[in-house]
Structures are given as structure tokens and as C-alpha cells.
Amino acid sequence: HGENRGFLEIVLNLHPCSYTRAQSLQVDSVQRWMEDLRHMTEVECMCVLQAKPIGVEEDSQQGELIVGSGVSAGDHVARNNLQTLLRRALVVSTELGKMFQRLEKGRWQRVHSTAVRANCHVRSLVHEYSAARNTPPEMQKYEKSLLEKCMELTNITERCLHTDDEFFLKSMREAIHEILTDVSDSFSNMIDMALANEIRVLIKQIESSDSLHTIGSAISNLLSLTQDGPQLCSIIAKEGAVVALFKICRQDRFRDLYAHALRTVASICCVEEGINQLEKVDGILCLADILTDDSSVEAARAEAAAVVAQITSPHHTSTQHLASFLESMHDIVTALIKLCETASCGEVFLLASAALANITFFDSMACEILLQLNAIHILLQACKDRQRVDTPYSKDQVVTILANLSVLEQCASEVLQEQGSLLLLLLGEKPSSSSPSEGAACERVQQKAAVTLARLSRDPDVAQTAIQLKAVPRLIELCRSPTERNNSDSVLVACLAALRRLAAGCPDSIEAADHQQLIKPRLVDSFLLCSNMEESFV
């Protein structure tokens, strides 16, 4: 499953939620420039205006991007408040980052001008946000303290412009660095509180409204926020979004919102707080109900599969939630393999197979259930269907499941019944584009196909079948040709292991020269020999 951002990043990149985000980026370039310009105001103008919020024109579409009392009502307000808050926060964070760099280099003129600019941006953000929302008392304390520190920073950096005393400047550098650190921390805390305040507004809409449109819009805004990183996902989870979303998923009248709500839950559960909230509201039971309900639309079941894939990711450090998962595992696994079999498109198959792949990592009982459900036949047949398995990412999930199933003795006979030719085809997987992520997916497919073959070749009948299907020449090619394996060391090790397993059962299947270089030496020596080859010897 790759590194920490490996599998789920792939799934979510193909996910419908990323379409919404991509769609929002398709804005006329001039309009985008004008929007950004409002948040990059000249310092001189800001000083003259004393950081007072600029008025908003009622009918101006551009004006909606400024947080102010004139913004149109409803869901536009929430969306615009959040977007403006995030944009302004980015601007201030950038200025503070520049200050740290310029302070280290002793560029005092630039340090002061950046301090003035940051001060103006912070004051503008605070005044504009206060005009749009009733600021909570605890946040007002942060605002007051932050504004005072910003002013102190501006004053102290100005004093450094009027002296060349190195000793004085050195002492000032330390003092400024300390104040700057305080400003950064205070600003970060204030933004977190402001975002939490906005998120609470959205969650209240989800919990209190009966309107599908209002709830759907609030969910869309939450989903958009989850795309801005794990820190925001943590805030969203702590404010109770997962609880509110599962309440929606337990009411028949909101069936049309199930898929949308579950997509948001999947994004939130990239952080431990989200999974903990899911556990508290028996979310796994709700997921099982949706997955096993024949009346649930495919989109809802696919998004439920995405949540399962997220919470069962091997990369999560906490596994406490898996205890309750085991209680519903048989129903969930059954529903997921059925979804793989009936998937109408590649995306649905990817989500379902990814969930199954993760499940097979943490409990051997899941592998036994899959064998009973004829999973090998279903998955290998799916590989022949371009409508369902159309990318290396999907094949990666299939071969992961096969690799995990192959530790069971009875798996060998199942593969023999399917003739295993598709497994060997996976050894020849190559990217169709220059995309790094696709190349990495192809490497994983090759590696896991070789691992599966090595494990299954414990059975002499499987080894004999693999040799008859020309597995040996392909394995040798992958070992000897770095370009065939995309210079992947993990593929090389897996192929060497598979070759040695086949040679142990059928020594005559490998020629003397190959045996001398790839089988006879220690594994590490063969690895070093092949990893240093610049071209194929075949």
C-alpha cells in the first residue's frame, strides 16, 4: 500500500470529492487574480485605512469573497467566510515565514516592512471577521493579545532601523525572534478557533435543518475543508462532524444524502480523532447496514466502502476501533466482494477492493471468508473486465488481496482452477503514461504478483503450472532489466525470491547461466549483481 500517503491518496484522488475541488479551480484567470488581489492590499493603503474592512457591494460577485455584513445570506456566507479566512491565514503565514528568514539574514529594512505588512493583514482579518460573525469571548482574548503583539513587533523592528550597533541588533534579534514566535503561535490558535467557530455553524445546519439543500450545502462545505489537510480534519472531527453525519446516514428521509455524507466521513477519518468519533457512534454498524442493504444505491455503498478502506488503513497507529469492526466483519466482507462483482465502473470497484485489501492485512479470518465466497474467481474475472479494472491502482488492490490470501494452503487449488494466467500477466504490468503515481502503482503490482507467485509455488502443481505459462523468462527479465521493473529494488527482491522458489521445485526450468547468477549466490549477492546492471543480458 505504499507510504503513508500511498493508497488512500490514490483512492481519494480518484474520488468524486476531488472533482468538486477541481471544478472550483476552473475560474476565469482574471476573476481569480481580482479575488486574490483583495487579500494582497498595498501596505500604504492599509495604513491609511487603519485596517478597516472594505465595504461590500451587494450585487458584486467579487464582493462575496470579502467577509463582511453585505455578503449574500445562506450557505454562500459560510463558504465565503471559510474561504476568506483560509486565504487571509495563508497570506499572514507567508509574511511571518518571510520575517523569520529576513531576521536570520539581518535585513532590518525588510524585516520592518514585512512586520508592518503582517500587522496590517492581521488587523484587517480580525476586523473583517468580527464584522461577519459574533466572535466568541475566548477568541476575543486571543485577538486582543495578537493585535498587541503585532504592534509591538512593528515598533521594535522600527527601532532597529536607526542604529548600526551590532551588540544592540544582536540582542534585538533574539527579542524579535521570541515575539515573532509568540505572534505565530497566537495567530495559529486564533485561526483554529475561528475555523472551529465556522465549522460549528455548518454542523448546526446539518443537525437542525430539514432541508435537503441546506444540509447538502453544509456537507459540501465540510468536504471542501477536509481537502485542506489533516489539521483541519482534526478540528472538524473534534467539533462533532462525524456524529452529525452519521445521524444523517441513519434517517431514511435523507437517503439521497448518504453518499455525500459518507464521502465527507471518509475524508475526516484520515485522522485518529475522526476514527474515534466514528467508534463512539457505532459508525461501523451503520456502514455494515448500508453495505448490506440491497435498497441502498451503489453510490452510497461505494462511499461506505471508502470509509471502511480509510479506517482499516495499515498506516493508522491506533487499532482500538478494529475490535468492534470484527463483530461486523463477515457481513462487511461479504457485501464488499459482492460490490466488486457488480460494480458498474472502475471507481466503485477500486473503493470496494481497496477496503478488502486493507481488511486482509489485519485478520486471517477475513482471508478465509473471502475464499469461501469464491473471491479469487470474482477478482480474476474482474481483471478481464476493462469497465471495472481499468487502472494499475485497481490491479494493485486485487494483487494485494491475492498476496494475502496466498498464505492459506487452500488458496493454491483455487488459483489452479483459474489457471493463474492472469497472475502472470500482472508481472508484465507497465504504466500507460509518465505519471509517477501510475509508475509506482505498476511497481507495486509487479512486486505483489511476484510475492504471490513465490508463496503459491510451495505447491508443486502451482510451480509446474507457472513454469508452463512461461513465468521464469519474465521473472529473469525483471531481474536483469532495471527498466522493466522501473528501477525498483522491491520488485527485484520479490522476483529473485519467486525464481528461487520455482528453482527449488523444478531446477531444470532455469538455464545454467541464470542459475549461476540468480540462484546459486546468496540473495544479497544476486541482488547487488542485478541492481548494478545498466542493461539487460537477456
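Note that this is a predicted model, so its numbers are computed, not measured. (Residues numbered from 1 in each chain as written. Predicted model: local features only at pLDDT ≥ 70, side-chain atom pairs only at ≥ 80, totals over all residues. Heavy atoms only, no water.)

Some details on the overall build of the chain
Part 1: For the chain, the helix and strand inventory stands at 29 helices and zero strands.
Part 2: Expressed as a percentage of the 538 residues in the chain, the buried residues total 51%.
Part 3: Across the chain, every contact between residues at least 6 apart in sequence was considered, and the portion connecting residues at least 24 apart equals 74%.
Part 4: Carbon and sulfur atoms provide 51% of the accessible area of the chain, an area that totals close to 24,800 Å². (Helix = DSSP H or I, 4+ residues; strand = E, 2+ residues; numbered from the N terminus. Buried < 20%, exposed > 50% of the residue type's maximum accessible area, 1.4 Å probe, protein only. Contact = heavy atoms within 4.5 Å. Areas by Shrake-Rupley, 256 points an atom, 1.4 Å probe, with all protein chains shown as cover.)

A look at the nonpolar core
Part 1: Judged by nonpolar contacts, the single largest core of 157 residues is most densely connected at F246, L278 and L336.
Part 2: Top contributing element to this core by residue count: helix α8 (residues 166-208), with 16 residues.
Part 3: Dropping the residues within four chain positions of it, F246 is found in contact with L262, V265, L278, V281, G283, C286 and L287. (Core = buried A, V, L, I, M, F, W, Y, C linked by side-chain atoms within 4.5 Å.)

So, the packing of helix α18 (residues 346-362) against helix α19 (residues 364-372)
Part 1: At their nearest, the axes of α18 and α19 sit 5 Å apart, and the two run at 125° to each other. Here α19 runs oblique to α18, going by the angle between their axes. Mapping the contact onto sequence places L356, I359, T360 and F362 in α18 and S364, A366, C367 and L370 in α19.
Part 2: Grouping the amino acids of the contact of α18 with α19 by side-chain chemistry returns six nonpolar, two polar and no charged. (Axes fitted to C-alpha atoms, helices over the stretch in contact; angles between N-to-C directions. Parallel < 35°, antiparallel > 145°, perpendicular 65-115°, else oblique. Nonpolar A, V, L, I, M, F, W, Y, C, P; charged D, E, K, R; others polar.)

Considering helix α11 (residues 241-248)
For the α-helix, the turn length of 3.6 residues means that residues three or four positions removed from each other point alike.
Part 1: When you tally the buried positions in α11, you get six out of eight residues, the bulk of the element.
Part 2: On its buried face, α11 is in contact with α8, α9 (212-226), α10 (230-238), α12 (258-268), α13 (272-280) and α14 (283-292).

A few points about unusual backbone geometry
Part 1: The residue D282 is not glycine, and still its phi comes out positive at about 55°.
Part 2: Tracing the chain through its elements places D282 in the loop between α13 and α14.
Part 3: Positive phi values are uncommon outside glycine, yet N374 reaches one of about 65°.
Part 4: By the secondary structure assignment, N374 is in the loop between α19 and α20 (375-382).
Part 5: Exposure remark for N374: the relative accessible area of 35% places this residue in the partly exposed category.

Here we look at the pattern of salt bridges
Part 1: Evaluated as defined, the whole model comprises 17 salt bridges.
Part 2: Across the salt bridge formed by D294 and K338, the nearest N and O atoms sit 3.3 Å from each other. Here D294 is found in the loop between α14 and α15 (298-311), whereas its partner K338 is found in helix α17 (residues 329-342), with 44 residues between them in sequence.
Part 3: For D294, a relative accessible area of 65% translates into the label exposed.
Part 4: Here R480 and D514 are joined by a salt bridge, their closest N and O atoms 3.1 Å apart. Pair noted here: R480 is in helix α26 (residues 471-480) and D514 is in helix α28 (residues 512-519), with a separation of 34 residues, a long-range link.
Part 5: Residues joined by salt bridges that share partners form a network here, namely K430, R474, E477 and E484. (Salt bridge = Lys/Arg side-chain N within 4 Å of Asp/Glu carboxyl O.)

What to know about the side chain of E143
Part 1: Here E143 is to be found in helix α7 (residues 137-159).
Part 2: Not counting residues within four places of it along the chain, the set of residues in contact with E143 comprises V126, S130, T135 and M190.

Digging into the state of the cysteines
Part 1: Within this structure, the stated rule accounts for zero disulfides.
Part 2: C479 supplies the cysteine sulfur nearest to C530, a cysteine that is in no disulfide, at a spacing of 5.2 Å. (Disulfide = S-S within 2.5 Å.)

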